[in-house]
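Observations on chain architecture
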Amino acid sequence: MSRIAKALMKAPIHVYRVTFKPLVGGQCRHWPTCSQYGLEAIELNGAWRGFWLTLSRFLRCGPGGTHGIDPVPDIRADRHPFAPWRYGRWGRHAQAAATDD
């Protein structure tokens, strides 16, 4: 089941990489790119946590957002059953906390 959920969450990222990404170019503010980050987050942390990490990263990537090296955190031990948005890393402080570890 986990493998199917991961594949379903990764499918839109693969479609984006094949269709839209060549049109807009490879100009990402972060390393790894947002699509690579999404694939790694889902693979490492599972579909649910990876979805929230990917969503938060995508929202941080806009104008006025963060930039630079932003590795995928390992949050498999985090438990937030009634507040799943807490899996995401939403602001600038999240990137700084990730580099302090």
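Per an unreviewed UniProt entry, the protein chain is named Putative membrane protein insertion efficiency factor, and its organism is Hyphomicrobium denitrificans. Of the comments in the UniProt record for the protein chain, the one headed Function (unreviewed entry) reads "Could be involved in insertion of integral membrane proteins into the membrane."

**Notes on helix H1 (residues 2-19)**
Taking 1.5 Å of rise per residue, 18 residues should cover 26 Å, and H1 covers 26 Å from first to last C-alpha, within 8% of that figure. All of the buried residues in H1 are Lys6, Lys10 and Ile13. Close packing links the buried residues of H1 with helix H3 (34-45) and helix H4 (47-60).

**Quick look at the packing of H3 against H4**
The interhelical angle for the contact between H3 and H4, taken along N-to-C directions, is 160°, at an axis separation of 7 Å. Between H3 and H4, the angle falls in the class roughly antiparallel. For H3 against H4, the interelement crossing comes out right-handed. For the pair H3 and H4, contact is made by Cys34, Tyr37, Gly38, Ala41, Ile42 and Asn45 and by Ala47, Arg49, Gly50, Phe51, Leu53, Thr54, Arg57 and Arg60, respectively.

**Description of the nonpolar core**
Core analysis: the biggest nonpolar cluster contains 7 residues, these being Tyr37, Ala41, Trp52, Leu53, Val72, Ile75 and Tyr87. Listing elements by their share of this core, those giving two or more residues are H3 and H4. In this structure Val72 touches Tyr37, Glu40, Ala41, Leu44 and Asn45, once residues within four positions along its chain are discounted.

**A few points about the packing of H1 against H3**
Packing of H1 against H3 brings their axes to within 10 Å, and their N-to-C directions diverge by 170°. Viewed along their axes, H1 and H3 adopt a mutual orientation that is roughly antiparallel. Between H1 and H3, the residues in contact are Lys6, Met9, Lys10, Ile13, His14, Tyr16 and Arg17 and Ser35, Gln36, Gly38, Leu39, Ile42 and Glu43, respectively. Residue classes in the contact of H1 with H3 are distributed as 5 nonpolar, 4 polar and 4 charged.

About the thresholds
Residues numbered from 1 in each chain as written. Predicted model: local features only at pLDDT ≥ 70, side-chain atom pairs only at ≥ 80, totals over all residues. Heavy atoms only, no water. UniProt positions renumbered as here; feature names shortened; annotations may be inferred. Helix = DSSP H or I, 4+ residues; strand = E, 2+ residues; numbered from the N terminus. Expected span 1.5 Å × (residues − 1). Buried < 20%, exposed > 50% of the residue type's maximum accessible area, 1.4 Å probe, protein only. Contact = heavy atoms within 4.5 Å. Axes fitted to C-alpha atoms, helices over the stretch in contact; angles between N-to-C directions. Parallel < 35°, antiparallel > 145°, perpendicular 65-115°, else oblique. Left-handed = near helix turned anticlockwise from the far one by under 90°. Core = buried A, V, L, I, M, F, W, Y, C linked by side-chain atoms within 4.5 Å. Nonpolar A, V, L, I, M, F, W, Y, C, P; charged D, E, K, R; others polar.

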